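Close look at the chain arrangement
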Amino acid sequence: MITGKYPSLRLRRNRKESWSRRLIQENTLSPSDFILPIFLIDGSNKKHPISSMPGVYRYTINRLAQLIDKAIKLNIPMVALFPKTQNNKKNDIGSEALNENNLVCRGILEIKKRYKNQIGIMCDVALDPYTSHGHDGLIKSNEILNDETIEILIAQSLLQAEMGCDVIAPSDMMDGRIGKIRKALDKSNFKNVRILSYAAKYASSFYGPFRDAVGSKSLLRGNKKTYQMDFRNSDEALREVALDIKEGADMVLVKPGMPYLDIIKSIKEKFKLPVFAYQVSGEYSLMSNGIRKGLINQKAIYESLVSFKRAGANAIISYYADRLDKILY
Ligand code: PBG
């Protein structure tokens, strides 16, 4: 397949000038490749810095427009909402997830009221921002309950869909939840609400800053290894994806991003469906701190983002998405 021989063939010839390098480019990025995650907080007129994520803020609902205006101007297709729930609203069973006045619900209403369908909204389905123990599901004698958790996730999905959420994104890793959520959405006439399954979500040390941002870090009891995947495995990711496709997932997500490019590639090659990558908080913070300290230069961000496209991702969830004007060049 690869032919030619030095010295008649010299691959450096095509790299000689910038115009020539541009012609042979195999992958490029555009704003349409991005999903912007947004952290929400209670109160009004606040934009709180997140100390573990330099350059990322938590916004009150009335300050959201500032960020969404920018996202629309940049031509980003979708935002993802994440709440920092006040500790006094958290409990064992995460009931705040089902409160129609919770941060995410108010966020969806506000965005849809102001912007209609100019931008898509995706919402996590999982209980961790709402539970006093920081886990994604219900716990009984130290076990995360699968089927009982799904019943709550169904209600959470229906509530978000009612508020106007376009893409339901279960990030909880319970078995069988995609099929049950799809069925419930269809039954309630939300046939066009999409499901983006966090199909291959690994139990990872790269989520630390996010847990800090949503306030679950200090609460989290133990770890999430009984439901999130072992990072030593890759065949298992294909099984997860195969099941989720059967159950009705419209798109699947791989998370974290950069340490899992091989997973993105094999899912894309095998299943030919839309695959999204999540460049998670730990990746963001490592790179941002490295840039701040002058250890690497800012172009590393672009390089990291292109790697997802090379691997075959259709879109990337990235905390850099609100600064694409400075990053895509
Ligand atoms: C919650 C959830 C997590 C992230 C997205 N949704 C954390 C976790 O599973 O503990 C992590 C995102 C990031 O690190 O940027 N289910």
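Structure: above.
These notes cover the structure that comes with them. Computed from a predicted model, the values in this text were never measured in an experiment.

Calculation criteria
- Residues numbered from 1 in each chain as written.
- Predicted model: local features only at pLDDT ≥ 70, side-chain atom pairs only at ≥ 80, totals over all residues.
- Heavy atoms only, no water.
- Buried < 20%, exposed > 50% of the residue type's maximum accessible area, 1.4 Å probe, protein only.
- Helix = DSSP H or I, 4+ residues; strand = E, 2+ residues; numbered from the N terminus.
- Pairing = 2+ DSSP bridges.
- Right-handed = clockwise from strand over helix to strand, strands pointing away.
- Axes fitted to C-alpha atoms, helices over the stretch in contact; angles between N-to-C directions.
- Parallel < 35°, antiparallel > 145°, perpendicular 65-115°, else oblique.
- Left-handed = near helix turned anticlockwise from the far one by under 90°.
- Contact = heavy atoms within 4.5 Å.
- Nonpolar A, V, L, I, M, F, W, Y, C, P; charged D, E, K, R; others polar.
- Patch = residues over 30% accessible without salt bridge, like charges linked within 9 Å, V, L, I, M, F, W, Y side chains within 5 Å.
- Areas by Shrake-Rupley, 256 points an atom, 1.4 Å probe, with all protein chains shown as cover.
- Salt bridge = Lys/Arg side-chain N within 4 Å of Asp/Glu carboxyl O.
- Lys, Arg positive; Asp, Glu negative; His and termini not counted.
- Charge placed at Lys NZ, Arg CZ, Asp CG, Glu CD.
- Core = buried A, V, L, I, M, F, W, Y, C linked by side-chain atoms within 4.5 Å.

Of the two faces of strand β8 (residues 167-170), both are covered, the one formed by Val167 and Ala169 as well as the one formed by Ile168 and Pro170. Note that strand β5 (residues 120-125) and β8 share four bridges and pair parallel. Residue pairing in the sheet places Cys123 in a bridge with Ile168 of β8. Across two bridges, β8 lies against strand β9 (residues 194-201) in parallel orientation. Each bridged residue has a counterpart across the sheet, and for Ile168 the counterpart in β9 is Ile195. Read from β8 through helix α5 (residues 177-187) to β9, the crossover connection turns out right-handed.

Moving on, we come to the packing of helix α3 (residues 103-115) against helix α4 (residues 146-163). One way to put it is that α3 packs onto α4 with a least axis distance of 9 Å and a crossing angle of 25°. On the basis of their axis angle, the class for α3 and α4 is roughly parallel. Where α3 crosses over α4, the two elements pack in a sense that is right-handed. Here α3 contributes Val104, Cys105, Ile108 and Leu109 to the contact with α4, which in turn contributes Leu159, Gln160 and Met163. Each residue belonging to the contact of α3 with α4 can be placed in one class, and the counts come to six nonpolar, one polar and no charged.

What follows is about the side chain of Arg177. When you line up the elements, Arg177 lands in helix α5. Using a relative accessible area of 2% as the deciding quantity, one classes Arg177 as buried. Ignoring anything within four residues of it in the chain, the contact list for Arg177 reads Ile150, Pro170, Ser171, Asp172, Ser197, Tyr198, Asp244 and Glu247.

Cis rather than trans, the peptide bond between Tyr6 and Pro7 has omega equal to 10°. When you line up the elements, Pro7 lands in the segment before α1 (18-23).

What follows is about a negative patch on the surface. A grouping of Glu143, Asp147, Glu148 and Asp175 is seen on the molecular surface, where their side chains present a negatively charged patch. Among the secondary structure elements, Glu143 is positioned in strand β7 (residues 143-145).

This part is about the nonpolar core. In terms of nonpolar packing, the biggest core is built from 110 residues, with Ile38, Phe39, Met122 and Ile267 touching the most fellow members. It is α4 that contributes the most residues to this core, eight residues altogether. Not counting residues up to four positions away in its chain, the partners in contact with Phe39 are Ile50, Met53, Val56, Tyr57, Arg58, Tyr59, Phe82, Phe210, Ala213, Val214 and Tyr319.

The geometry of α4 relative to α5 is characterised by a closest axis approach of 9 Å and an angle of 45° between their N-to-C directions. As far as their axial angle goes, α5 and α4 are oblique. Here α4 runs over α5; the crossing is right-handed. Contact residues: α4 offers Ile150, Glu151, Leu153, Ile154, Ser157, Leu158 and Ala161, while α5 offers Arg177, Lys180, Ile181, Ala184 and Leu185. Among the residues making up the contact of α4 with α5, the classes are represented as eight nonpolar, one polar and three charged.

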